[in-house]
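Analysis of the macromolecular model
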Amino acid sequence: MSLKKAGYKIRLVDKKLREYLKLFSAVSVEGPKWCGKTWTSLNHANSITYIMDPAGNYNNKTRAELNPSLVLKGKIPHVIDEWQEVPGIWDAVRFDVDQNPGFGKYILTGSATPVRKSYKHSGAGRIAIVRMRPMTLYESGDSDALVSFISLFTGKKISPFAADIDLPRLINITIRGGWPRTLNLPVRKASSVSVEYINAILKNDLFGGNFSKRNSVKLNVLLRSLARNNATTVSETTIARDITGEESKDPGSNEMIISRNSVTSYIADLKRIFVIEEIPGWMPGIRSKTRIRMSPKLVFTDPSLAIAALGIGRRHLIDDLNTYGFMFENLCLRDLCAYAEFYDASLYHYRDNSNLEVDAIVEMKDGSWGAFEIKLGENQVESAVRTLLRLKKKMASDGTREPSCLAVITGGGLGRMCEDGVYVIPINALKP
């Protein structure tokens, strides 16, 4: 019997989790804290062990540290929640499924990736990994679900339609984020959740025992710099300079100094707790004549965290649409990434030596691909269409496969298909 919680909203990863439990002995569901990993896992489980249950002075964690196999007992599928607190659990699961083969025995949930040396075996072939993200607008019920993401790749015709959203509501949704527990909260209270998330990072509460302690002052200014440069290809050297204020400082200065190596290390830890992630650069073809710039694009796992890191609110974003534009791009990339992964596709960005940039490239497993420009306002659509058509022409001249989809994702307005075949789709109209 499932342990499904009352009021549970179906998530995109439910489908993959259900499939993987029939193919693998164990599935690891990983992603940021508060994104819903435990509730989703319970939707497929018959028993659970909470490693961080404080009962008995954290008895479950103590037992796991003494002998990880002690927390494997339970009716399958058996959930082991926050397994990364005792990395040896991974090896215990791997060993058990080797000795006692079977499908769908364990579901591991984790909000951090332990360093590789803390467990011995990769689990390849036994333990599958499912990445979970904060809720998309479709999952949270904020999308009208008028246009299927996958239908864009089939050239489906769409009739013009008006998006049922305005800028103030869109900003509220961005501030609230995709956290399941904030869906029904007023925007002011919802924003406090993201602020406390950032505070927990600064207090090292989210890093756990597998991480070195961090300087909270340096971590704070790093998060602010990442938020200022959200959804860009800014280098770690540039971030270090942004924090410092200039390339070098007088040794006697009280200004913040942080090295590039420190930035690299801090960013690596933020990735491991799923606060930020990289969107890699797209390489269209090995024989392409175009020089591609492969620097990854850094984004927050949810735009609400970037807003909280900057310490700004609704009024600031309404008055400064340039800043909000980057947060809107972060929101769209979050959703596009989730929709792409639903179809086992990959998300990239594109930039070449001619400074042709495209916000998102989705590449399907069969090699077909689509390009997406993200523009908040209707007044930016025309230039975005030109950019997409320029990319299409350049790829054709390089002998690259023709795109299956070209689309501009907007913050509202009129959804339609242009005469040149480019879609214009408000983000709140998309579904998987």
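Residues numbered from 1 in each chain as written. Predicted model: local features only at pLDDT ≥ 70, side-chain atom pairs only at ≥ 80, totals over all residues. Heavy atoms only, no water.

1. A word on the pairing of strand β10 (residues 346-351)
Alignment of β10 against strand β11 (residues 357-363), held across five bridges, turns out to be antiparallel. Note that in β11 the partner of Tyr-348 across the bridge is Ile-361. Linking β10 to β11, which pair antiparallel, is a turn of five residues; within it Asn-355 sits at a positive phi near 65 degrees. (Pairing = 2+ DSSP bridges. Helix = DSSP H or I, 4+ residues; strand = E, 2+ residues; numbered from the N terminus.)

2. Description of the pattern of salt bridges
A side chain with one charge can pair with a side chain of the opposite charge if their charged atoms come near. Tallied over the entire structure, the rule returns 27 salt bridges. As a salt-bridge pair, Arg-386 and Glu-382 come within 3.4 Å of each other at their nearest N and O atoms. With a gap of four residues between them, Arg-386 and Glu-382 both fall in helix α14 (residues 381-397), about one helical turn apart. The exposure class assigned to Glu-382 is exposed, which follows from its relative accessible area of 58%. When salt bridges that share partners are traced, they join Arg-131, Arg-133, Glu-277 and Glu-341 into one network. (Salt bridge = Lys/Arg side-chain N within 4 Å of Asp/Glu carboxyl O. Buried < 20%, exposed > 50% of the residue type's maximum accessible area, 1.4 Å probe, protein only.)

3. Re the confidence of the model for the chain
Across the chain, the average pLDDT comes to 91, with 92% of residues at or above 70. Considering only residues more than four positions removed or in separate chains, one finds that residues 246-254, a stretch of pLDDT under 50, has five contacts. (pLDDT = per-residue confidence, 0-100. Contact = heavy atoms within 4.5 Å.)

4. With respect to the side chain of Thr-49
Note on placement: Thr-49 falls in strand β2 (residues 47-50). With relative accessibility at 9%, the residue Thr-49 sits in the buried group. Excluding residues within four positions of it along the chain, Thr-49 makes contact with Asn-60, Val-71, Lys-73, His-78, Val-79, Ile-80 and Asp-81.

5. A closer look at the sheet that holds strand β3 (residues 78-81)
Reading across from one edge, β2-β3-β4-β1-β5 is the order of the five strands in this open sheet, with parallel pairing throughout. For this open sheet the edge positions go to β2 and β5 (127-131), each flanked by a neighbour on one side alone. Averaged over all pairs of adjacent strands, the angle between strand axes in this sheet comes to 20 degrees, irrespective of strand direction. The pairing of strand β1 (residues 26-30) with strand β4 (residues 106-110) spans five bridges and is classified as parallel. If you follow Val-29 over to β4, its bridge partner there is Thr-109. With respect to the sheet, helix α1 (residues 13-20) is in contact with β1 and β5, its orientation differing from that of β5 by roughly 175 degrees. Strands in contact with helix α4 (residues 88-99) are β1, β3, β4 and β5; relative to β4, the strand with the most contacts, it is inclined by about 165 degrees. (Axes fitted to C-alpha atoms, helices over the stretch in contact; angles between N-to-C directions.)

6. Let's talk about the packing of helix α6 (residues 167-176) against helix α13 (residues 321-342)
The description of two packed helices rests on the angle between their axes and on the distance between the axes. Following both chains from N to C, one finds α6 and α13 inclined at 60 degrees, their axes separated by 10 Å at the closest point. One way to sum up the angle between α6 and α13 is to call them oblique. The interaxial crossing formed by α6 with α13 has left-handed handedness. Only Leu-321, Tyr-324, Met-327, Phe-328 and Leu-331 of α13 make contact with α6, whose side of the interface consists of Leu-167, Leu-170, Ile-171, Ile-173 and Thr-174. Taken together, the residues of the contact of α6 with α13 sort by class into nine nonpolar, one polar and no charged. (Parallel < 35°, antiparallel > 145°, perpendicular 65-115°, else oblique. Left-handed = near helix turned anticlockwise from the far one by under 90°. Nonpolar A, V, L, I, M, F, W, Y, C, P; charged D, E, K, R; others polar.)

7. Section: the state of the cysteines
In protein chemistry, a disulfide is the covalent bond that joins the sulfur atoms of two cysteines. Going through the model one piece at a time under the given rule, you end up with zero disulfides. Cysteine Cys-405 remains unbridged, with the sulfur of Cys-418 as its closest cysteine sulfur at 12 Å. By relative accessible area, which is 3% here, Cys-405 ends up buried. (Disulfide = S-S within 2.5 Å.)

8. Quick look at the side chain of Arg-176
Relative to the helices and strands, Arg-176 resides in helix α6. Polar side-chain contacts of Arg-176 include one of 2.8 Å to the side chain of Asp-142. Filtering out sequence-adjacent residues up to four positions away, Arg-176 remains in contact with Ser-140, Asp-142, Thr-182, Leu-183, Ala-190, Ser-194 and Ser-304. (Polar contact = N/O pair within 3.5 Å; in protein donor to acceptor, adjacent residues only side chain to side chain.)

9. Examining the packing of aromatic side chains
Inspection of every chain in the model, using the stated rule, returns 13 aromatic pairs. Their ring planes at 80 degrees and their centres at 4.8 Å tell us that Trp-34 and Tyr-197 sit as a pair that is edge-to-face. A residue pair is termed long-range when its members are at least 10 positions apart, and Trp-34 in the loop between β1 and α2 (37-42) and Tyr-197 in helix α7 (residues 187-202) qualify at 163 residues. Here Trp-34 falls in the partly exposed class, since its relative accessible area comes to 43%. Considering the side-chain rings of Phe-153 and Phe-372, the 6.3 Å spacing of their centres and the 50 degrees angle between planes classify their relative orientation as tilted. Residue Phe-153 is located in the loop between β6 (147-148) and β7 (161-162), and its partner Phe-372 is located in strand β12 (residues 369-375); the two are separated by 219 residues in the primary sequence. A single burial state applies to Phe-153 and to Phe-372, both of which are buried. (Phe/Tyr/Trp six-rings, centres within 6.5 Å; stacked < 30°, edge-to-face > 60°.)

10. Comments concerning the pairing of β4
In terms of residue burial, β4 counts as a mostly covered element, since five of its five residues are buried. Of the two faces of β4, the one holding Tyr-106, Leu-108 and Gly-110 and the one holding Ile-107 and Thr-109 are both buried throughout. Looking at chain direction, β3 and β4 are connected through four bridges and run parallel. Looking at the pairing, Asp-81 lines up with Thr-109 of β4.

11. Let's talk about unusual backbone geometry
Excluding glycine, a negative phi dihedral is what most residues carry, and trans is how most peptide bonds are arranged. Note the cis peptide between Ile-76 and Pro-77, where omega equals -10 degrees. Here Pro-77 is to be found in the loop between α3 (55-66) and β3. You will see that Tyr-58, though not glycine, has its phi angle at about 60 degrees, which is positive. Relative to the elements of secondary structure, Tyr-58 occurs in helix α3. The phi dihedral of Asn-355 falls on the positive side, at around 65 degrees, and the residue is not glycine.

12. Examining helix α10 (residues 260-272)
Over its 13 residues, α10 extends 18 Å from the first C-alpha to the last, a length consistent with the 18 Å expected when each residue adds 1.5 Å. Buried within α10 we find Val-263, Tyr-266, Ile-267, Asp-269, Leu-270 and Arg-272. Note on α10: the residue one or two positions beyond its end, Phe-274, has a positive phi of about 60 degrees. (Expected span 1.5 Å × (residues − 1).)

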